[in-house]
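Overview (structure and organization)
These are the residues of each chain, in order.
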Amino acid sequence: MPGQRDLPGQRDLPEQGEQDEREDGAGRRGRSSIGDARAYTPRGRTVAERGRLPRSGRTTDPFRPALQVLDGGETGQRSRGRGGRGAEPADGAETRKQSENKDTSERTRGRSAPEEPSKPSSRTREPDRGRPSAAGDGRGTSFRKGGGASRTEKGSDGPRRSATGRTDRKPERQRPERRPIPAEPPKLANSTRRLRLGTVLALSLFVTIGVRLVVLQVATSPAEAHSLMELREKRLSTVKLPAPRGSILDRDGNVLAHSVEARYVSADPENVRLQQNIPAIANRLAPLLTVARSELEANMKRKKVLGGWTQFRYLARGVDVATADEIEAMNLPGINTHSDERRDVPGKDLAANLIGFTGDDHHGLEGLEARYDDLLHGTDGKRVFEIGRGNLNAPIPGGYERETAAKPGNSLKLTIDRNLQYKVQQILDAEAEQRNAGIAGAVVLDAKTGEVLAQASYPAYSAAEPDKADAEDRADVPTSVVTDPGSTHKAFIFGAALQEGLITPESTLTIGPAIELGGTPFTDTHPQDKGTEMTMPGLLAYSSNVGTILIGKMLGKEKIYEYQQKFGLGTATGVGTLYEADGQLLKPEDWSGSAPGSVPIGHSVSATLMQMAAGYNAIANDGTWIQPHLVKETISGETGKVTPAPAPVTRKVLDPGIAAQLRTMMEAVVDVKGGTGGAAAVGGYRVAGKTGTGAMLIDGQYTSHNASSFVGMAPAEDPRFVIAVSMDVSSGGGGVVAAPAFSQMMSYALLHYRVPPSGTKPPNFKIHP
């Protein structure tokens, strides 16, 4: 009522600030807000939210128990309320309310006797004495209706004096019950442990994959490997990209063999329409491809290869471009044409026995084509691509595809002179046919360098059509056929005796019509009476077996064997052909009683025509043996770089002066009247050489035919060329059979290379002193 004053300590109604605060707290307990949610996030309160009261019923934060610190039985955190009034924390709100109601009731009844305050608990922190409570604390300030405020100190032990002077003791505030500290919440997951666990799992996965790959690569069983191959063959198709084959050129760069553009014709046996029309398609292709109909039909039929059905078969290779275009225009199902090459030999049979030929796969089969196949062929490329299923057999767009480009082969430049080769081959063919020779061969060497300028064989064949010739007719006679050299071997015996000082050009020797050694008689074709004395040139001119045997006895078998090897017998020369024979020598320990008679005259010895030519070249080259060779240089197919062939092997056999003396003595064979080599003479040039008549060896057995030969050089005073000619004939010696061919070949070579005629005449030889 107006004018009524409240009794001291009487508080029937709360002050306006307290009312507002309680209404505000009641409103908060009745509804939730974003602020309340933020205040009780699992991570705890934020700094901005520290003054707010939690919602009713939420007295603790289970995730942040450390935020609740007991201070004098109350929570140690207080928040600022509205209008600056303090608000008790939620966990002590009920206790505070009961204490205030009790205090008000006692004041109303006039209870003034103070109660003895109880001693504070040892576990409760005592507040600071004599220090006024801060504004908004809510504990140290009370208001009377219509009057001022009376203050008490927090925790004061003395009586509290009111505004009227009445002393009241503040009733002991009921100490809030201690609540148990909640158990710690479960620990959150450790990120370090998760990282380690993930790393271990990832490493385990990679190790498992790696081990499996190793097993697949190394420890795959044959069955698994076969299965993988089948899968690969089913999904991948491979097309070979042939490498362009290098050319074979003569010493001037003229083509002896090269590859030209052509086409191949192929069939796809998996083509359904082709399988339905094989006979009709084979009939149309047979005349164009010049292939038998039965062969075409066989190649068109389905065939399994490596567990899968093949989708590509060659029908013909090296087909002319015009013919391939005609087949393409027919639009036959399953028949395709593609770019190819064909080996072309412009000279047909020119040096065919030497050059050889290639097969359908462009690999050399015989001759130099086979000997240098790795160099000429190059490296094939290939195209591997993924194909679709069914009969499409076409690359899958965007599928696996890999192409390895082919590397072209290198070219060979030979020492052969095309024009000289043609002439030598022409002369050899004519003379061999005239003499009814079974086989024949000729070699022309450059005496200074050992280069092979011509190498001819009879019979010849066309390298463009090798199948039309028998295998034995395709042999290279100068390097693959071995014979007894016969009397051509005598020059080596005379040269060795001169070098050893056993004879001189002026020496004489007494001979007879025959000599017997080991029960075998040896006679001369030009028999002399017993006790006949002859000069060294005379013995060579008449090709005396008896005189040569006697000189051989002077040397002895060890020296004969030594000089045979020095002149290059018994070992292939390494000229560069595929199947060059070694020949054979009789070792001194293997000599029989007749060997001292047969070996010096060229029997019991076998050699190739190339070996004999190289031996005579040592005489022409001032006593130095030089390895004969066919390859002059190689030309890179990729860069065109020219690489000279390795230098030939050389070795000294005779002193230059001895070699010159021997050459002069050998001129008597051609110049002396009645000499065995008169048919080898070349007008205007001095010629030195020796005839020979041996026996042919076939499979190690002598035949009844003669191996008639002539080996010589010109000009004798300074030789430029050495030519060796040999023919297998039924009768006739080297002077009759081979010497005429030698004369024609040497004459052409000297004129072709413009060698000046000899400026001097040969000496006047005497047969008898």
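Reading the values: the criteria
Residues numbered from 1 in each chain as written. Predicted model: local features only at pLDDT ≥ 70, side-chain atom pairs only at ≥ 80, totals over all residues. Heavy atoms only, no water. Helix = DSSP H or I, 4+ residues; strand = E, 2+ residues; numbered from the N terminus. Buried < 20%, exposed > 50% of the residue type's maximum accessible area, 1.4 Å probe, protein only. Contact = heavy atoms within 4.5 Å. Pairing = 2+ DSSP bridges. 1 Å grid on protein atoms, 1.4 Å probe; cavity = no way out; pocket = protein on both sides within 12 Å on 5 of 7 lines; lining within 4 Å. Points joined across faces, edges and corners; volume = space filled by probe spheres on them. Nonpolar A, V, L, I, M, F, W, Y, C, P; charged D, E, K, R; others polar. Expected span 1.5 Å × (residues − 1). Axes fitted to C-alpha atoms, helices over the stretch in contact; angles between N-to-C directions. Core = buried A, V, L, I, M, F, W, Y, C linked by side-chain atoms within 4.5 Å. pLDDT = per-residue confidence, 0-100. Phe/Tyr/Trp six-rings, centres within 6.5 Å; stacked < 30°, edge-to-face > 60°. Parallel < 35°, antiparallel > 145°, perpendicular 65-115°, else oblique. Left-handed = near helix turned anticlockwise from the far one by under 90°.

Overview of the overall build of the protein chain
The helix and strand tally for the protein chain stands at 23 helices and 33 strands. Buried residues in the protein chain amount to 44% of all 769 residues. Of all intrachain contacts in the protein chain linking residues separated by at least 6 positions in sequence, the fraction that spans at least 24 positions is 71%.

Some points on the pairing of strand β11 (residues 255-267)
Pairing between strand β10 (residues 248-249) and β11: 2 bridges, direction antiparallel. In the strand pairing of β11, Leu 249 is matched with Val 255. Pairing between β11 and strand β15 (residues 335-344): 10 bridges, direction antiparallel. By the bridge assignment, Arg 263 is partnered in β15 with Ser 339. Inspection of the sheet shows β11 paired to strand β14 (residues 313-319) by 4 bridges, in the antiparallel sense. Following the sheet pairing, Ala 267 is matched in β14 by Arg 313.

Notes on empty space enclosed by the protein
All told, the structure shown has 6 cavities of 30 Å³ or more when counted by the stated rule. Roughly 170 Å³ of internal volume is contained in the second largest cavity. Lining of the second largest cavity is provided by 20 residues; of these, Thr 483, Ala 607, Thr 608, Leu 609 and Ser 726 occupy positions nearest its centre. Those elements that provide at least two residues to the lining of the second largest cavity are β19 (440-446), β26 (607-608), α20 (609-620), β32 (701-714) and β33 (721-729). The residue inventory of the lining of the second largest cavity, partitioned by class, reads 12 nonpolar, 6 polar and 2 charged.

So, α20
Its 12 residues place the ends of α20 16 Å apart at the C-alpha level, agreeing with the 16 Å of an ideal helix rising 1.5 Å per residue. Among the 12 residues in α20, 12 count as buried, and that is most of the element. For α20, the set of buried residues is Leu 609, Met 610, Gln 611, Met 612, Ala 613, Ala 614, Gly 615, Tyr 616, Asn 617, Ala 618, Ile 619 and Ala 620. Asp 622 occupies a position one or two residues after α20 and carries a positive phi of about 60 degrees.

Concerning the sheet that holds strand β9 (residues 236-241)
The sheet built from 3 strands is open, its strands ordered β9-β16-β17 with antiparallel pairing. Each end of this open sheet is capped by a strand with a single partner; those strands are β9 and β17 (401-404). The sheet shows a mean angle of 10 degrees between the axes of neighbouring strands, direction not considered. Sheet topology note: the strand β16 (residues 381-386)/β17 ladder contains 4 bridges and is antiparallel. Paired with Val 384 across the two strands is Arg 402, which belongs to β17.

A few points about the nonpolar core
Core analysis: the largest hydrophobic core is formed by 88 residues, its most contacted members being Phe 494, Ile 551, Tyr 616 and Met 666. Counting residues per element, this core draws most heavily on α20, at 9 residues. Each residue touching Ile 551, except ones within four places of it in the same chain, is listed here: Ile 493, Phe 494, Ala 497, Ile 503, Leu 509, Met 536 and Leu 539. By size, the runner-up hydrophobic cluster in this structure holds 35 residues, among which are Ala 442, Ala 456, Val 725 and Met 746.

Some points on the confidence of the model for the protein chain
Across the protein chain, the average pLDDT comes to 80, with 71% of residues at 70 or higher. Confidence over residues 1-33 falls short of pLDDT 50; this stretch has 34 contacts with residues more than four positions distant or in other chains.

With respect to the environment of Ser 731
Position of Ser 731 among the secondary structure elements: in the loop between β33 and α22 (734-737). Distance from Ser 731 to Ser 704, taken between C-alpha atoms, is 9.1 Å for residues 27 residues apart in sequence.

Points about the environment of Trp 309
Secondary-structure assignment places Trp 309 in strand β13 (residues 308-309). For the pair Trp 309 and Glu 270, spaced 39 residues apart in the sequence, the C-alpha separation amounts to 7.5 Å. Residues in contact with Trp 309, not counting those within four places in the same chain, are Glu 270, Arg 302, Lys 303 and Lys 304.

Looking at the packing of aromatic side chains
Counted by the stated rule, this structure contains 8 aromatic pairs. Measuring from centroid to centroid gives 5.1 Å for Tyr 264 and Tyr 314, while their planes differ by 85 degrees, and the two rings are edge-to-face. Taken together, the positions of Tyr 264 in strand β11 and Tyr 314 in strand β14 put the pair 50 residues apart, joining distant regions of the chain. Given a relative accessible area of 10%, Tyr 264 falls into the buried group. Looking at Tyr 314, the relative accessible area reads 30%, which means it is partly exposed.

Overview of the environment of Ile 327
Along the chain, the position of Ile 327 falls in helix α9 (residues 321-330). Ile 327 sits 10 residues away from Thr 337 along the chain, and the two C-alpha atoms are 8.0 Å apart. In this structure Ile 327 touches Val 265, Leu 285, Leu 288, Leu 289, Ile 335 and Thr 337, once residues within four positions along its chain are discounted.

Quick look at the packing of helix α15 (residues 490-499) against helix α17 (residues 545-555)
Interhelical geometry of α15 versus α17 gives an angle of 45 degrees and a closest axis separation of 10 Å. Taken together, the axes of α15 and α17 are oblique relative to one another. Here α15 and α17 pass one another in a crossing that is left-handed. Across the interface between the two elements, Lys 490, Ile 493, Phe 494, Ala 496 and Ala 497 from α15 touch Asn 545, Thr 548, Ile 551, Gly 552 and Leu 555 from α17. The class makeup of the residues in the contact of α15 with α17 is 6 nonpolar, 3 polar and 1 charged.

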